[in-house]
Each structure stands twice: as C-alpha cells, then as structure tokens.
Amino acid sequence: MGKLVICDHPLIQHKLTFIRDMRTNTKDFRELVDEVATLMAYEITREVPLESISVQTPVAETQGKVISGRMLGLVPILRAGLGMLDGVVKLLPAAKVGHVGLFRDPETLQPVEYYTKLPTDVTERELIVIDPMLATGGSAIAAIDVLKKRGCTQIKMMNLVAAPEGVKAVHDVHPDVDIYVAALDEGLNDHGYIVPGLGDAGDRLYGTK
Ligand code: URA
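Cut-offs applied
- Residues numbered from 1 in each chain as written.
- Predicted model: local features only at pLDDT ≥ 70, side-chain atom pairs only at ≥ 80, totals over all residues.
- Heavy atoms only, no water.
- Patch = residues over 30% accessible without salt bridge, like charges linked within 9 Å, V, L, I, M, F, W, Y side chains within 5 Å.
- Areas by Shrake-Rupley, 256 points an atom, 1.4 Å probe, with all protein chains shown as cover.
- Salt bridge = Lys/Arg side-chain N within 4 Å of Asp/Glu carboxyl O.
- Helix = DSSP H or I, 4+ residues; strand = E, 2+ residues; numbered from the N terminus.
- Buried < 20%, exposed > 50% of the residue type's maximum accessible area, 1.4 Å probe, protein only.
- 1 Å grid on protein atoms, 1.4 Å probe; cavity = no way out; pocket = protein on both sides within 12 Å on 5 of 7 lines; lining within 4 Å.
- Points joined across faces, edges and corners; volume = space filled by probe spheres on them.
- Nonpolar A, V, L, I, M, F, W, Y, C, P; charged D, E, K, R; others polar.
- Near = heavy atom within 4 Å.
- Polar contact = N/O pair within 3.5 Å; in protein donor to acceptor, adjacent residues only side chain to side chain.
- Sits in = over half its atoms within 2 Å of the grid points.
- Phe/Tyr/Trp six-rings, centres within 6.5 Å; stacked < 30°, edge-to-face > 60°.
- Axes fitted to C-alpha atoms, helices over the stretch in contact; angles between N-to-C directions.
- Parallel < 35°, antiparallel > 145°, perpendicular 65-115°, else oblique.
- Left-handed = near helix turned anticlockwise from the far one by under 90°.
- Contact = heavy atoms within 4.5 Å.
- UniProt positions renumbered as here; feature names shortened; annotations may be inferred.

### Considerations on a nonpolar patch on the surface
Here's step 1: A cluster of nonpolar residues, L4, I6 and L184, forms a patch on the protein surface that exposes about 210 Å² of accessible area.
Here's step 2: With respect to the secondary-structure elements, I6 resides in strand β1 (residues 4–6).
Here's step 3: Residue class for I6 comes out partly exposed when judged on its relative accessible area of 37%.

See the structure below:
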C-alpha cells in the first residue's frame with residue numbers, strides 16, 4: 001500500500017496556517033503556497049538515490065555524492081496545481097514538466113480530461129503529480145490514470161491539504177502511489193470542500209472570487 005507522508009516541518013505548518021487564514025490576500029497566499037511547495041519538494045525527494053563521484057576541491061581529491069537514478073517529472077493538475085509548480089522547480093530545476101487538465105462533468109460529476117501534454121521521455125521519469133487539494137480524489141485518480149495509460153510507473157502525489165476520503169480513494173485505486181501532504185484534514189462538507197481546508201485553492205491563487 002502506498003504511504004501517506006505528512007510533512008510536519010515547523011516552517012511548513014507555520015506557513016500553512018496563514019494559507020488557511022481567509023484574511024490572507026492573493027499576493028501573500030500565492031507566495032506562501034510557493035514557499036510551502038519548495039519545502040515539500042525537499043521532503044518528497046528525501047529518498048532519491050545517490051551515487052559517489054570523485055571531485056577535486058582546491059585542497060584535495062575526494063568522493064562526493066550526486067543524485068542518481070531516474071530523472072524527475074512534475075505534473076501539475078490544471079489549474080490550481082500551477083500554483084505549486086514554481087516552488088518545486090526552484091529545488092528541481094532540471095525536472096521536466098507535463099500538464100494534465102481536467103474538468104468535472106456537471107451531469108456525471110466525473111473528471112473529464114481536456115488537455116494533456118507530457119515530456120516525450122515521461123515513462124522513464126519518476127513523476128510528482130501536483131495539486132493543492134486532495135478532496136474526493138476524483139481528479140487525482142484521473143490524472144494518475146492518464147499517466148499510467150501512457151506507460152508511467154513511478155508516481156507520487158503532492159498536496160497541500162488532503163481529506164481522508166481522498167487519500168483512501170487514491171490508495172484504493174492506485175496503491176502504488178505515495179501521497180505527500182502538509183496536512184490531513186477532518187473531511188469533506190456537502191459541497192465537496194475540505195474542512196477546515198483553505199477554501200477554493202484556484203480562486204484564492206488567482207483572485208477569481
Ligand atoms: N478544491 C478546492 O480548491 N478546495 C477544496 O476544499 C476542495 C477541492
């Protein structure tokens with residue numbers, strides 16, 4: 001079963017409190033989400049493999065460690081996932097970026113794929129799917145489905161806030177996917193919002209409400 005990792009670093013938890021606060025304006029919200037994404041990128045890469053190489057310092061030759069293994073790919077789910085992308089790219093500047101766009105069909109309430117553009121070597125990369133909110137899990141499952149249908153095998157999820165229902169839904173369908181969150185909240189309300197959550201992440205990032 002995939003693991004759920006709560007990134008409980010004090011800096012992440014501190015910044016998340018101000019992200020949640022409804023008085024935080026668009027500019028500050030965006031900056032805080034960006035900063036937390038950078039800090040979460042540090043946590044999500046904790047287990048990437050290293051290899052030794054020799055390096056010549058000004059004083060002596062020595063062995064240093066560099067990242068080895070699969071290269072990384074970042075896949076923000078449009079549109080709110082874009083709000084976390086730059087923060088992750090700051091730490092992982094060589095990562096390639098794919099995009100998956102999904103909307104919810106108003107009749108069936110199921111996510112529908114409307115846009116996908118992935119790096120050509122996506123199947124060789126370890127992927128991080130990025131979305132601030134993991135609510136019902138519908139979009140996350142659909143985005144992971146898109147990636148697996150194209151042959152991707154190594155996928156992690158990064159969310160700011162998750163509901164237990166969303167975590168369970170993703171792990172039921174995709175038990176191989178580890179989920180990294182800044183907080184696991186109480187649950188969902190009747191409108192599908194995470195409680196206490198932070199409201200609509202896309203609207204708060206882009207000032208559309
Ligand atoms: N999407 C959001 O932006 N917020 C929620 O609380 C749930 C889904």
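Following the structure, the description resumes.
### Let's talk about the pattern of salt bridges
Here's step 1: Summed over the entire model, instances satisfying the criterion amount to 14 salt bridges.
Here's step 2: As a salt-bridge pair, K3 and E47 come within 3.2 Å of each other at their nearest N and O atoms. Here K3 is found in the segment before β1, whereas its partner E47 is found in the loop between α2 (26–44) and β2 (50–56), with 44 residues between them in sequence.
Here's step 3: Judged by relative accessible area, which is 31%, K3 ranks as partly exposed.
Here's step 4: Given a relative accessible area of 61%, E47 falls into the exposed group.
Here's step 5: A salt bridge links E43 to R46, with the nearest nitrogen and oxygen atoms 3.5 Å apart.

### Digging into the layout of surface pockets
Here's step 1: Reported here for the largest pocket is a volume of approximately 840 Å³.
Here's step 2: Forming the boundary of the largest pocket are 29 residues, of which R104, D131, A135, S139 and D200 lie nearest the centre.
Here's step 3: Lining the second largest pocket are 14 residues, and of these I67, R70, M71, L72 and A94 sit closest to its centre.
Here's step 4: In the lining of the second largest pocket, the residues fall into 9 nonpolar, 3 polar and 2 charged.

### Here we look at the site of the ligand
Here's step 1: All residues in the neighbourhood of the ligand are listed as M133, A135, G192, Y193, I194, G199, D200 and A201.
Here's step 2: Contact distances for the ligand include 2.8 Å between an oxygen atom and a backbone N or O atom of I194.
Here's step 3: G199 places a main-chain nitrogen or oxygen 2.7 Å from a nitrogen atom of the ligand.
Here's step 4: In isolation the ligand offers 240 Å² of accessible surface; the protein chains occlude 81% of this area.
Here's step 5: The cavity that encloses the ligand is the largest pocket.
Here's step 6: A class-by-class count of the residues in the shell around the ligand yields 5 nonpolar, 2 polar and 1 charged.

### Digging into the packing of aromatic side chains
Here's step 1: Counted by the stated rule, this structure contains 1 aromatic pair.
Here's step 2: Between F103 and Y114, the ring centres sit 6.1 Å apart and the planes meet at 35 degrees, which makes this aromatic pair tilted. With F103 in strand β6 (residues 99–104) and Y114 in strand β7 (residues 111–117), the pair connects residues that are 11 residues apart, well separated along the chain.

### Section: the packing of α2 against helix α3 (residues 82–91)
Here's step 1: With their axes 7 Å apart at the nearest point, α2 and α3 run at an angle of 45 degrees to one another. It follows from the interaxial angle that α2 and α3 lie oblique. Considering the relative orientation of α2 and α3, their crossing is right-handed. Contact residues: α2 offers V33, D34, A37, T38, M40, A41 and Y42, while α3 offers G83, M84, D86, G87, V88, K90 and L91.
Here's step 2: Class assignment of the residues belonging to the contact of α2 with α3 gives a composition of 8 nonpolar, 3 polar and 3 charged.

### Description of the UniProt feature "binding site: 5-phospho-alpha-D-ribose 1-diphosphate" (unreviewed entry) in the protein
Here's step 1: This chain's UniProt record puts "binding site: 5-phospho-alpha-D-ribose 1-diphosphate" (unreviewed entry) on R79, R104, D131, P132, M133, L134, A135, T136, G137, G138, S139 and D200. Set against the largest pocket, the annotated residues that line it come down to R79, R104, D131, M133, L134, A135, T136, G137, G138, S139 and D200.
Here's step 2: Secondary-structure assignment places P132 in the loop between β8 (126–130) and β9 (133–134).
Here's step 3: Not counting the four nearest positions on each side in its chain, P132 is found in contact with A80, G81, M84, N159, L160, V161 and A201.
Here's step 4: Counting through the fold element by element, L134 comes out in strand β9.
Here's step 5: When sequence neighbours within four positions are dropped, the list of residues in contact with L134 reads A140, N159, V161, A162, A163, G166, V167, V170, I179 and I194.

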